[in-house]
Amino acid sequence: MNVKRLTIVGATLAATAAVAYAQLGGYSQANLTSTVEGKTLLNVIGSLKQYYLYPIDDDKLLRGAINGAVGSLNDEFTYYSQPEDNAIDQENLAGNFYGIGVQLIAVNADGTGGKIDNVFKTGAAIGAGVQIGDVFVKVDDTEVITSKLNDLVRLVRGKQGTTVTITFARNGKPYTVKMERQPVTIVDVEETILPGNIGYIALNTFYNEKVSQQFRAAVADMKKKNVTKLILDLRDNGGGLLNAGVDVADQFLQSGPIVSLRDRDKKTEVFGKASNQKTDYTGKLVVLVNKNSASASEVVSGALQDDNRAQIIGEQTFGKGVAQIPVDLPDGGKIAIVANEWLTPKGRQIHKKGITPDIVVKDTRYTAPLNFSGSGIKAGDKITLTVAGKPVTVTADKDGKFTYTGEAKRPSKSATQGEAVVDLPTDAILRKALEVLK
């Protein structure tokens, strides 16, 4: 890896942020009123404060203006994170925090609420009897059934040694446990050995500063086990740190560019180059991708595909071919600004296109959940149907309509961090990879 180049890019980003702050620092109310739009903005804010019937939260008002400014770009990858969300984000990026030792996901269709997706073998939760599928009802004195996921996470995490009392629901029955917050380290690299001594490494995200270290350790472990055929699974990996993507690709390449960045002036520079290292894995390699493989996952798969280093198997990838500059803001928030498009070693621009696998296979690990809807009964009435031998009860809304959506199947996770769990009978992409490597 060209470490010097990465350092220079980092310094450039810092300088860019400094220039931006300098420009904003001289942007006074006086010259803001030199345009009709600027006058209008100030007039709207002033009129709201003067006439609006209800109390106004000044911070919320100004953050709404910030979100409006960012939203006007109509770019989903340029966004503002509020301070409280950025704080959680930074903990996730660091890869460690103090919590109860679980992974959680949203429980409601609108992304709110939370339930346990995995319980680690180390941590307070397993000792308290918490199980996968348990739904959060209350954290201390706060009800969280309809809370945003980040708000729930913020309540669960805290300072080391402090306690948190959580009420869960299991099969509709509540129970309450008190747990002490302990150190949690996020392990986003999982590995196992498949039949025929074929190695398997799954990389869940690149948004973890510890990923490069964890991945290097996994590759070293494969070499110790004399693995000469390896599967790298990047499915459902939405990307993260570009440096981490370059470092992962560099474990399999000995020379040449890995990724290049092109700015708005069409100036293109190589961001990372591969170097020949004793720790490199040089055996046979396949990479698994699906429609959720994005960003740094596409950097890795694109570089390995261009170099003919690996066969890519699975679905067309997401197609995020742009890189963002994160800028820390005075309020503790952050704005991520799309500043470059990135190119594969052969100059391919994949934004909104994705990487086309060498062998296309549908991801069969997920099945569409059963769902149904209907109408024609009185508001508040209940109707019970038998689904897969079990009764399902739904309640009609005020218009007499009812809906049901079953729970989507999710791949199993090991309670031991770093240990991969696979299900060959239900995983067509993985089966094809094993076939290719035979």
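Residues numbered from 1 in each chain as written. Predicted model: local features only at pLDDT ≥ 70, side-chain atom pairs only at ≥ 80, totals over all residues. Heavy atoms only, no water.

K.L.:
Describe the side chain of Arg-63, naming the residues involved and giving the relevant values.
P.N.:
Topologically, Arg-63 is positioned in helix α4 (residues 58-71). Look at Arg-63 and you get buried, because its relative accessible area is 19%. Filtering out sequence-adjacent residues up to four positions away, Arg-63 remains in contact with Tyr-80, Gln-82, Pro-83, Glu-84 and Asp-331. (Helix = DSSP H or I, 4+ residues; strand = E, 2+ residues; numbered from the N terminus. Buried < 20%, exposed > 50% of the residue type's maximum accessible area, 1.4 Å probe, protein only. Contact = heavy atoms within 4.5 Å.)

K.L.:
How would you summarise the pattern of salt bridges if you had to cite specific residues and measurements?
P.N.:
Two side chains with opposite charge may pair up if their charged atoms get near one another. Considering all chains together, one arrives at 20 salt bridges under this definition. We note a salt bridge from Arg-154 to Asp-151, for which the minimum N-O separation is 2.7 Å. You can see Arg-154 and its partner Asp-151 sitting in helix α7 (residues 149-156), three residues apart, about one turn around the helix. Between Asp-363 and Arg-235 there is a salt bridge, and its shortest N-O distance comes to 3.8 Å. With Asp-363 in the loop between β19 (359-360) and β20 (371-374) and Arg-235 in the loop between β12 (229-233) and α9 (242-250), this residue pair connects regions lying 128 residues apart in the sequence. Each member of the pair, Asp-363 together with Arg-235, is buried. (Salt bridge = Lys/Arg side-chain N within 4 Å of Asp/Glu carboxyl O.)

K.L.:
Can you lay out α4 for me, pointing to particular residues and giving the numbers?
P.N.:
Taking 1.5 Å as the rise per residue, α4 with 14 residues should run 20 Å; its terminal C-alpha atoms sit 20 Å apart, in good agreement. Capping of α4 at its N-terminal end is provided by Asp-57; its side-chain oxygen lies 3.0 Å from the backbone amide nitrogen of Asp-59. (Expected span 1.5 Å × (residues − 1). Polar contact = N/O pair within 3.5 Å; in protein donor to acceptor, adjacent residues only side chain to side chain.)

K.L.:
Requested: an account of helix α10 (residues 296-306), with residues and values cited.
P.N.:
In terms of residue burial, α10 counts as a mostly covered element, since 11 of its 11 residues are buried. Among all positions of α10, only Ala-296, Ser-297, Glu-298, Val-299, Val-300, Ser-301, Gly-302, Ala-303, Leu-304, Gln-305 and Asp-306 are buried. Where α10 is buried, its residues touch β12, α9, β13 (257-262), β15 (284-289), β16 (311-314) and β18 (334-343). One or two steps after α10, the chain reaches Asn-308, where phi turns positive at roughly 55 degrees.

K.L.:
For the packing of aromatic side chains, give the residues involved together with the corresponding values.
P.N.:
Counting across every chain of the model gives six aromatic pairs. Pairing Phe-372 with Tyr-404 gives two aromatic rings, centres 5.1 Å apart and planes at 25 degrees, and the pair type is stacked. With a gap of 32 residues between them, Phe-372 in strand β20 and Tyr-404 in strand β23 (residues 402-405) connect regions that are remote in the sequence. Overall, the relative accessible area of 18% leaves Phe-372 in the buried class. Here Tyr-404 falls in the partly exposed class, since its relative accessible area comes to 22%. (Phe/Tyr/Trp six-rings, centres within 6.5 Å; stacked < 30°, edge-to-face > 60°.)

K.L.:
Can you lay out the pairing of strand β14 (residues 268-273) for me, pointing to particular residues and giving the numbers?
P.N.:
A regular strand carries its side chains on alternate faces of the sheet. In this structure, β13 lies alongside β14, joined through five bridges in antiparallel fashion. What sits directly across from Pro-257, in β14, is Lys-273. The antiparallel pairing of β13 with β14 creates a hairpin that spans five residues between the two strands, and Lys-266 there sits at a positive phi of about 70 degrees. (Pairing = 2+ DSSP bridges.)

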